[in-house]
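For reference, the chains in residue letters:
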Amino acid sequence: PASAAAAAAVSRLDPRRIAVARFENRTGDPSLDLVEKMVTEWVTEGISNVGIDVVPSDTVYEVPAPAGSVAGPAPRETTRALAERTGAGIVVSGAFHLRSDSVEFQSQVVDVATGRLVKALEPASSARTDPMPAIDSMRRQVRDVVFARVEDRGENQITAESRPPKYEAYREYLLGNEAFEVDYAASERHFRRALEIDPDYVSPRVSIASGYWNQGRREEAAREIAPLLARRDSLSPFWRRFLRGWEAQLAGRPEATLEAVR
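Residues numbered from 1 in each chain as written. Predicted model: local features only at pLDDT ≥ 70, side-chain atom pairs only at ≥ 80, totals over all residues. Heavy atoms only, no water.

**Description of the pattern of salt bridges**
Point 1. Considering all chains together, one arrives at 18 salt bridges under this definition.
Point 2. In this structure, the salt-bridge partner of Arg-143 is Asp-144, at a minimum N-O distance of 2.7 Å.
Point 3. In this structure Asp-144 comes out as partly exposed when scored by relative accessible area, which is 28%.
Point 4. Linking Arg-192 and Glu-224 is a salt bridge whose minimum nitrogen-to-oxygen distance equals 3.1 Å. Of this pair, Arg-192 sits in helix 7 (residues 184-197) while Glu-224 is found in helix 9 (residues 218-230), placing the two residues 32 residues apart along the sequence.
Point 5. Among the residues examined, Glu-224 registers a relative accessible area of 8% and is labelled buried.
Point 6. A single network of salt bridges, built from pairs that share partners, joins Glu-188, Arg-192, Arg-205 and Glu-224. (Salt bridge = Lys/Arg side-chain N within 4 Å of Asp/Glu carboxyl O. Buried < 20%, exposed > 50% of the residue type's maximum accessible area, 1.4 Å probe, protein only. Helix = DSSP H or I, 4+ residues; strand = E, 2+ residues; numbered from the N terminus.)

Here it is, written out as structure tokens:
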């Protein structure tokens, strides 16, 4: 029965759906714990920007707690467990560690249904004080490998590159996310600091607007989104679609909002 259940789980995996697992912090430095989420989110966005079906990073982090367990950090899933939970046939996993004054990232792409390694990526490293260049290198490598694996449209479909945000801005954004829906004022302070550090960073501005919207402050949400609508042509395909959803939401058209977000 166990073998039959395992075979059934594998048969439900979509070979064109990707999941980016939580990267493991092997540095021994808890101050770099946020980097784990940064690389998972940024690699996920890189895949979504070329129109590939990728599991949202929030879903990756929503690991169901084992029955009877006490509250605490979400357990780390195996590659197979993540694939079976999300239906992803391909999983990207990796880790990072310290090498002198640098942070080095290593990653691999695995076909879970067959258990075969699709690609071991080239290690990427950058300064410990600014790991974003290495994280962006991981994003580009994963994007190219995954695109070649699941798409037939050719390399020329990879367009509209996203510039990685500045490291300290990304940290503030993630801290704002932790406070979101718990303390909107605190989360907005972090998002505003992120924008002070990196004024072109899209995510914190969208999050500020979302916070306003959730609090019923619709006019303030519209004002926050307006600058992004004005420069949408310079944004990635992902953000252009996302802003299409905001336009529909502001116009009171929920079906169009849902379609754009999907």
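**Section: the packing of helix 10 (residues 237-250) against helix 11 (residues 254-261)**
Point 1. For the pair helix 10 and helix 11, interaxial distance at closest approach is 8 Å and the crossing angle is 170°. By the angle between their directions, the pair helix 10 and helix 11 is classed as roughly antiparallel. Contacts between helix 10 and helix 11 involve Arg-241, Arg-244, Gly-245, Ala-248 and Gln-249 on the former and, on the latter, Ala-256, Thr-257 and Ala-260.
Point 2. Looking at the contact of helix 10 with helix 11, its residues break down into three nonpolar, three polar and two charged. (Axes fitted to C-alpha atoms, helices over the stretch in contact; angles between N-to-C directions. Parallel < 35°, antiparallel > 145°, perpendicular 65-115°, else oblique. Contact = heavy atoms within 4.5 Å. Nonpolar A, V, L, I, M, F, W, Y, C, P; charged D, E, K, R; others polar.)

**Here we look at the environment of Ala-248**
Point 1. Within the secondary structure, Ala-248 sits in helix 10.
Point 2. C-alpha of Ala-248 to C-alpha of Ala-260: the two residues are twelve residues apart in sequence and 8.5 Å apart in space.
Point 3. Residues within four places of Ala-248 in sequence aside, it is in contact with Arg-253, Ala-256 and Thr-257.

**Description of the layout of surface pockets**
Point 1. In this structure, the second largest pocket spans a volume of roughly 310 Å³.
Point 2. Looking at the second largest pocket, it is lined by 18 residues, and the ones nearest its centre are Ala-21, Arg-22, Thr-79, Ser-93 and Gly-94.
Point 3. For the lining of the second largest pocket, the elements supplying multiple residues, two or more each, are helix 4 (79-86), strand 4 (88-99) and strand 5 (102-111).
Point 4. A per-class count over the lining of the second largest pocket returns six nonpolar, seven polar and five charged. (1 Å grid on protein atoms, 1.4 Å probe; cavity = no way out; pocket = protein on both sides within 12 Å on 5 of 7 lines; lining within 4 Å. Points joined across faces, edges and corners; volume = space filled by probe spheres on them.)

**Considering the confidence of the model for the protein**
Point 1. Predicted confidence across the protein gives a mean pLDDT of 86, with 87% of residues reaching 70 or more.
Point 2. This model gives residues 153-161 a pLDDT under 50, and the stretch forms 16 contacts once residues within four places in sequence are excluded. (pLDDT = per-residue confidence, 0-100.)

**What about empty space enclosed by the protein?**
Point 1. Summed over the entire model, instances satisfying the criterion amount to two cavities of 30 Å³ or more.
Point 2. Lining the second largest cavity, in full, are Phe-180, Tyr-184, Ser-187, Glu-188, Phe-191, Ser-207, Ile-208, Gly-211 and Gln-215.
Point 3. Among the secondary structure elements, those contributing two or more residues to the lining of the second largest cavity are helix 7 and helix 8 (202-214).
Point 4. Element by element, the count of residues in the lining of the second largest cavity is highest for helix 7, at four residues.

**Looking at the packing of aromatic side chains**
Point 1. One pass over the structure, following the stated rule, counts nine aromatic pairs.
Point 2. Taking 5.7 Å as the distance between ring centres and 65° as the angle between the ring planes, the aromatic pair formed by Tyr-173 and Tyr-201 counts as edge-to-face. With Tyr-173 in helix 6 (residues 167-179) and Tyr-201 in the loop between helix 7 and helix 8, the pair connects residues that are 28 residues apart, well separated along the chain. As far as the burial class goes, Tyr-173 and Tyr-201 line up, both buried.
Point 3. Aromatic pair Phe-180 and Tyr-184: ring centres 5.3 Å apart, planes at 85°, arrangement edge-to-face.
Point 4. Pairwise contacts between aromatic rings join Tyr-170, Tyr-173, Phe-180, Tyr-184, Phe-191 and Tyr-201 into one cluster.
Point 5. When the ring centre of Tyr-61 is taken as origin, the NZ or CZ atom of Lys-37, which lies over that ring, is 5.0 Å away. (Phe/Tyr/Trp six-rings, centres within 6.5 Å; stacked < 30°, edge-to-face > 60°. Lys NZ or Arg CZ within 6 Å of the ring centre and 35° of its normal.)

**Here we look at the pairing of strand 6 (residues 116-120)**
Point 1. Pairing between strand 5 and strand 6: four bridges, direction antiparallel. Within strand 6, the position partnered with Gln-108 by the bridge is Ala-120.
Point 2. From the end of strand 5 to the start of strand 6, which pair antiparallel, there are four residues, and Gly-115 there has a positive phi angle of about 75°. (Pairing = 2+ DSSP bridges.)

**As for the nonpolar core**
Point 1. Residues Ile-18, Ile-47 and Phe-105 are the most contacted members of the largest nonpolar core, which totals 54 residues.
Point 2. For this core, the element with the highest residue contribution is helix 5 (residues 132-150), accounting for nine residues.
Point 3. Once residues within four sequence positions are removed from consideration, Phe-105 is found in contact with Val-35, Val-39, Ala-95, Phe-96, Pro-123, Ala-124, Pro-131, Ala-134, Ile-135 and Met-138.
Point 4. In terms of nonpolar packing, the next biggest core, distinct from the first, is built from eleven residues, Ala-21, Tyr-61, Ala-88 and Val-91 among them. (Core = buried A, V, L, I, M, F, W, Y, C linked by side-chain atoms within 4.5 Å.)

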